Structures are given as structure tokens and as C-alpha cells.
Amino acid sequence: MIATWIMSGLWGLLAGSALLVGAIFGYFFKIPQRIVASIMAFGAGVLMSAISFELLDEAYALGGAYHVVAGFLIGATIFTLANVYLARKGAKHRKRSGKAILSENGFESSGPAIAVGSVLDGIPESIAIGLTMIEGGIVSTATVVAIFLSNIPEGLSSSTGMKTMGWRAVPIFVLWTVITLCTGVSSLAGYTIFSHFSPGIIAAVLALAAGGILAMLVDTMIPEAFSETHNLAGMVTVLGFILSFILSKFG
């Protein structure tokens, strides 16, 4: 039987592998931007549902309203400040897939900043996977599925944008492989580090991860989804939300 701490890393790695899957499709296949944006809207809905019915629900059960509110606001604040800094360094359009990633005078996006930004996006999600395994040692299937589905459009859109910027295949796939490994390590850390803390601390960190994820959705994924799908973005997001909600009842 595989140890729980190893399984936590493997589940994070599985969810993160969707980034690499999306990157492969984004680089080798010419997928219309409208389709990419629709997938992103769907992924946003899936993650919003997971935040509501998995992460925050469990956090509230463990620590009550105080820990949920404090952790949620701190998580959103940390992500927002980090995102503002990275946007100024060239990662503002890291989830863009088309010409929007370019400025009028050339390339406005920075490869290293995009890489750091992508890791920033994935860390809260991955930590959350490990945290869901602390109580009982069983992963939240709905959370893993939600993160996997939301990671596909991120890898797809970002790799397409990098290709537009002139990146070659090897650097792109090396980058996404490293980021995928980081998601596994983050999930492992979420379980091994916080399993020794009190339920209140675990609740606060769960809420912190949820706040970071929601801030990421509104700052990066949803604007990209709306920019191409417009009036359809809401409907596609709702479909992703209800699918994740149903999964949460079976997971």
C-alpha cells in the first residue's frame, strides 16, 4: 500500500499533468481562440464550484467562520499583490493565446515572468489537494478533477501564446514539465507540512488557497474567456460550475 504522503504528491502531479497536456495541444494544433476561451470559461466555472463546495466548506467545518474569512482574504491579498508585481515584469497576459500577448511595438511579455506567474497560479490549487487528504487520508476527487479540467486551458492558452512570441518547442515543454513537477511538490507539501497543525490552522490555509484561486480566476482566466466568447462566457462557466457541483456530491 502506497503511503498517504506519497499519494498526496501523486494526486497533485496528476492534476498538474493537465498543464502539459494542454501545452501539447496548444503548440501542435491550431485551435481557434474562441474554443480556447470557451474551455477557459468552463474551467473557471469548475474551479469556482470546487472553491465553494469543497475547499471553503471543509475549511468552515474545521475552523469556523473566523478562520475561513481570515484565510480567504489573506490568500486573495497575497495573490493579488504577487500578480500585480509579475504583471509589471511581463506576465500580465500569461493566459492569452493570440495577438493580445503582443504589444504594438513588439513583445510585451517576459518568458521568466510567465513561468513564475504560471507557478504562482498553480501553487494554491496544488496545496489544496494535499490539504484535503489530511482528514482521513482520502483525496477529494471533485477537487482533483476540477483542478485537472481548469489546468488544460491554462497550459493550452499559455503555450499557444508562447509560440506566438517565438518560443521553440523544447523550452516550452521543459517549462511546463517543471511547473507540473512543482504542482506535485506543492500538493506533497500541503499534506506533509500542515498535517501536524491544528484544525484551525488547516482551515485557514484551505481558505487561503481558495482565496488565491478565486483571485486568480477573476484576474486572469475570466477576462481571457470573456474577451473571445463574450455573451457565451456566462453560460459556459455555469456548465462547468454545475458539473463540478455534481462531482462534489459523488467525490
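Look a little higher up for the structure.
Computed from a predicted structure; not experimentally measured. Along each chain, numbering runs from 1 in the same order as the chain's sequence is written. Totals for whole chains, interfaces and linings use every residue, but because this is a predicted model, local features are given only for residues with pLDDT of at least 70 and side-chain atom pairs only at 80 or more, for both listing and counting. Remark: hydrogens and water are excluded; side-chain values derive from all non-hydrogen atoms of the structure.

1. Some points on the packing of helix 4 (residues 141-165) against helix 5 (residues 169-194)
To be explicit about the condition: Note on definitions: angles span 0 to 180 degrees between N-to-C directions of axes, and those axes are lines fitted to C-alpha atoms, for helices only across the stretch in contact. For the purposes of this entry, the term helix denotes a DSSP run of H or I that reaches at least four residues, the term strand denotes a run of E that reaches at least two, and both are numbered from the N terminus. Any angle that is under 35 degrees is reported as roughly parallel, and any over 145 degrees as roughly antiparallel; angles of 65 to 115 degrees are reported as roughly perpendicular and all others as oblique. Crossing chirality is assigned from the near helix's rotation relative to the far helix, an anticlockwise turn below a right angle marking it left-handed and a clockwise turn marking it right-handed. Should any heavy atoms of two residues lie within 4.5 Å, those residues are considered in contact.
Here helix 4 crosses helix 5 at 150°, and the two axes come no closer than 10 Å. Judged by the inter-axis angle, helix 4 sits roughly antiparallel to helix 5. When you trace helix 4 past helix 5, the crossing you get is right-handed. Facing helix 4, whose interface residues are Glu154, Gly155, Ser158, Ser159, Met162 and Lys163, helix 5 presents Ile172, Leu175 and Trp176.

2. Quick notes on the packing of aromatic side chains
Just so we agree on the cut-off: Classification of ring pairs rests on two measures: the distance between centres of Phe, Tyr or Trp rings, Trp counted by its six-membered ring, which must be within 6.5 Å, and the angle between planes, read as stacked under 30 degrees, edge-to-face over 60 and tilted in between. A ring has a charge above it when a Lys NZ or an Arg CZ is no more than 6 Å from the ring centre and no more than 35 degrees off the ring normal.
Inspection of every chain in the model, using the stated rule, returns seven aromatic pairs. When the ring of Phe53 is compared with that of Phe241, the centres are 5.8 Å apart and the planes differ by 70°; the resulting orientation is edge-to-face. Here Phe241 lies in helix 7 (residues 233-250) and Phe53 lies in helix 2 (residues 33-91), a separation of 188 residues in the sequence. Taken together, the ring pairs connect Tyr27, Phe28 and Phe173 into an aromatic cluster. Over the ring of Tyr27 we find Lys163; its NZ or CZ atom is 4.7 Å from the centre of that ring.

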